[in-house]
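Per-entry structural report
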Amino acid sequence: MFQKIRNKFSNADNIIDLSVDLFLLLFDVLTTPLLIPIRIAKFYIKGLIKGFIKRFLKKTYHRIYDRPNNKQKEK
């Protein structure tokens, strides 16, 4: 049994392939729990930014277009 394993991984390419696959698997397992809070935070931050932009645009619009018209008062 050990002889089969030793023969299979005697080549450097096979060892590199195995180590890269193990690293990617380990990296995926370790980062998956971090993605859940990041996605939740991204959802709320996106909502805050969208709300800020909407408020800014609405205030700017009303500041420009809801002014009393001075020309009508002069007539």
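Small disclaimer: the values here were computed from a predicted structure and weren't measured.

**Some points on the overall build of the protein chain**
Looking only at helices and strands, one finds 3 helices and 0 strands in the protein chain. Across the protein chain, helices and strands are ordered from the amino to the carboxyl terminus as α-α-α. In the protein chain, which comprises 75 residues, the proportion classed as buried is 0%. Carbon and sulfur atoms form 67% of the exposed surface of the protein chain, whose accessible area is close to 7900 Å².

**Some details on the environment of Thr31**
For Thr31, the location among the structural elements is in helix α2 (residues 12-65). A polar contact is formed between the side chain of Thr31 and the backbone oxygen of Phe27, at a distance of 2.8 Å. Polar side-chain contacts of Thr31 include one of 3.5 Å to the backbone oxygen of Asp28.

**Quick word on the packing of aromatic side chains**
One pass over the full model with this rule turns up 3 aromatic pairs. When the centroid spacing of 5.3 Å and the interplanar angle of 75 degrees are considered together, the rings of Phe43 and Tyr44 count as edge-to-face. Relative accessible area serves as the criterion here: at 59%, Phe43 is assigned to the exposed category. Taken together, a centroid distance of 4.9 Å and an interplanar angle of 45 degrees make the contact between Tyr61 and Tyr65 tilted. Here the residue Tyr61 and the residue Tyr65 both occupy positions in helix α2, the gap between them amounting to 4 residues, near one helical turn. On the basis of relative accessibility, which here comes to 46%, the residue Tyr61 falls in the partly exposed class.

**Description of the confidence of the model for the protein chain**
The predicted model of the protein chain averages 84 in pLDDT, with 89% of residues at 70 or higher. Within the protein chain, the element-level pLDDT minimum falls on helix α3 (residues 70-74), averaging 55, and the maximum on α2, averaging 90.

**Some remarks on a nonpolar patch on the surface**
On the surface, a nonpolar cluster with roughly 620 Å² of combined accessible area is contributed by Ile45, Ile49, Phe52, Ile53, Phe56 and Leu57. The residue Leu57 is located in helix α2 in this model.

Calculation rules
- Residues numbered from 1 in each chain as written.
- Predicted model: local features only at pLDDT ≥ 70, side-chain atom pairs only at ≥ 80, totals over all residues.
- Heavy atoms only, no water.
- Helix = DSSP H or I, 4+ residues; strand = E, 2+ residues; numbered from the N terminus.
- Buried < 20%, exposed > 50% of the residue type's maximum accessible area, 1.4 Å probe, protein only.
- Areas by Shrake-Rupley, 256 points an atom, 1.4 Å probe, with all protein chains shown as cover.
- Polar contact = N/O pair within 3.5 Å; in protein donor to acceptor, adjacent residues only side chain to side chain.
- Phe/Tyr/Trp six-rings, centres within 6.5 Å; stacked < 30°, edge-to-face > 60°.
- pLDDT = per-residue confidence, 0-100.
- Patch = residues over 30% accessible without salt bridge, like charges linked within 9 Å, V, L, I, M, F, W, Y side chains within 5 Å.
- Salt bridge = Lys/Arg side-chain N within 4 Å of Asp/Glu carboxyl O.

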